[in-house]
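Descriptive analysis of the structure
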Amino acid sequence: MWSKIVTNINKITELLTSSFLVIMVAIIFMQIVSRVLIQSSFPWTEELARFLMIWVTFLGAAFSFQHGAHIGISMLTDKLPNKLNSIVQLCIGILCTALFLVLLVKGIELVGKSGNQTSPAMSIPMNYVYLIIPISAVLLIMNVIDVSIKQCIKNWKGESV
């Protein structure tokens, strides 16, 4: 059940990330076309594309954890016996979770502090932009827990990772 919930949340996150990426490309294309055709550009396009890029990066980091797409050095852990590998992977999961909890707490603080700031071109509150930090921290924590559980079960059953 837990894994199914995480999978569904990741699918929604992937869809949202893909949508933001398409919107970002369309906005940048519109900016380029407007510069070429009318020698003028819209002031809000660069800012919106930057904010979308921030959201795409943080959301992408969250669901890519499930696919093992983050950089890792597995030269040592691959040579360990399965049960010891499982313990090492669990320790790594705990350390990652601790880091993501710090990201969550500091992200919430940043969202709270930036409520009275607005973006220069679009005049939107900056806490909407920074809201992705605690959101992605929660998604990262969910994925670390899910991946760690799957790896431990796989290793304890004696299967190779």
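Residues numbered from 1 in each chain as written. Predicted model: local features only at pLDDT ≥ 70, side-chain atom pairs only at ≥ 80, totals over all residues. Heavy atoms only, no water.

1. Describing the pattern of salt bridges
Applying the stated criterion across every chain, the model contains three salt bridges. Across the salt bridge formed by Glu46 and Arg50, the nearest N and O atoms sit 2.9 Å from each other. Separated by four residues within a single helix, Glu46 and Arg50 lie in helix H2 (residues 45–64), roughly one turn from each other. Looking at Arg50, the relative accessible area reads 38%, which means it is partly exposed. Residue Lys106 is joined to Glu109 by a salt bridge in which the shortest nitrogen-to-oxygen separation is 3.5 Å. Taken together, the residues Lys106 and Glu109, both in helix H3 (residues 82–113) and three residues apart, mark about one turn of the helix. (Salt bridge = Lys/Arg side-chain N within 4 Å of Asp/Glu carboxyl O. Helix = DSSP H or I, 4+ residues; strand = E, 2+ residues; numbered from the N terminus. Buried < 20%, exposed > 50% of the residue type's maximum accessible area, 1.4 Å probe, protein only.)

2. Section: the UniProt feature "transmembrane region" (unreviewed entry) in the chain
UniProt records the feature "transmembrane region" (unreviewed entry) at residues 12–32, 52–75, 87–108 and 128–149, using the numbering of this structure. Secondary structure within residues 12–32 divides into 100% helix and 0% strand; the distance between the first and last C-alpha atoms comes to 30 Å. Regarding residues 128–149, the helix share stands at 95% and the strand share at 0%, and the terminal C-alpha atoms are separated by 33 Å. (UniProt positions renumbered as here; feature names shortened; annotations may be inferred.)

3. Digging into the side chain of Thr97
Among the structural elements, Thr97 can be located in helix H3. The buried category is assigned to Thr97, whose relative accessible area is 17%. Only 2.7 Å separates the side chain of Thr97 from the backbone oxygen of Gly93, close enough to count as a polar contact. Every residue in contact with Thr97, bar those within four places of it in the chain, is listed here: Ile141 and Val144. (Polar contact = N/O pair within 3.5 Å; in protein donor to acceptor, adjacent residues only side chain to side chain. Contact = heavy atoms within 4.5 Å.)

4. What about the state of the cysteines?
Following the criterion strictly, the structure yields zero disulfides and no others. Not part of a disulfide, Cys96 finds its nearest cysteine sulfur in Cys91, a span of 11 Å. (Disulfide = S-S within 2.5 Å.)

5. Notes on the environment of Lys83
Mapped onto the elements of the fold, Lys83 is located in helix H3. When the C-alpha atoms of Lys83 and Asn8 are compared, they prove to be 30 Å apart, with 75 residues separating the residues in sequence.

6. Things to note about the nonpolar core
Phe20, Leu59, Phe65 and Phe100 are the most contacted members of the largest nonpolar core, which has 19 residues in total. Only helix H1 (2–38), H2 and helix H5 (132–156) provide two or more residues apiece to this core. Sort the elements by how many residues they give to this core and H5 lands first, with eight residues. Setting aside anything within four residues of it in sequence, one finds Leu59 in contact with Thr13, Leu16, Thr17, Phe20, Ile132 and Leu139. (Core = buried A, V, L, I, M, F, W, Y, C linked by side-chain atoms within 4.5 Å.)

7. Quick look at the packing of H2 against H5
Following both chains from N to C, one finds H2 and H5 inclined at 15 degrees, their axes separated by 8 Å at the closest point. The pairing of H2 with H5 is recorded here as roughly parallel in orientation. As H2 runs across H5, the sense of the crossing is right-handed. Facing H2, whose interface residues are Ile54, Trp55, Phe58, Leu59, Ala61, Ala62 and Phe63, H5 presents Ile132, Ile133, Ile135, Ser136, Leu139, Leu140 and Asn143. (Axes fitted to C-alpha atoms, helices over the stretch in contact; angles between N-to-C directions. Parallel < 35°, antiparallel > 145°, perpendicular 65-115°, else oblique. Left-handed = near helix turned anticlockwise from the far one by under 90°.)

8. Comments concerning the packing of aromatic side chains
This structure, assessed with the given rule, holds two aromatic pairs. Aromatic side chains Phe42 and Trp44 sit 6.0 Å apart centroid to centroid with 35 degrees between the ring planes, which places their arrangement in the tilted category. (Phe/Tyr/Trp six-rings, centres within 6.5 Å; stacked < 30°, edge-to-face > 60°.)

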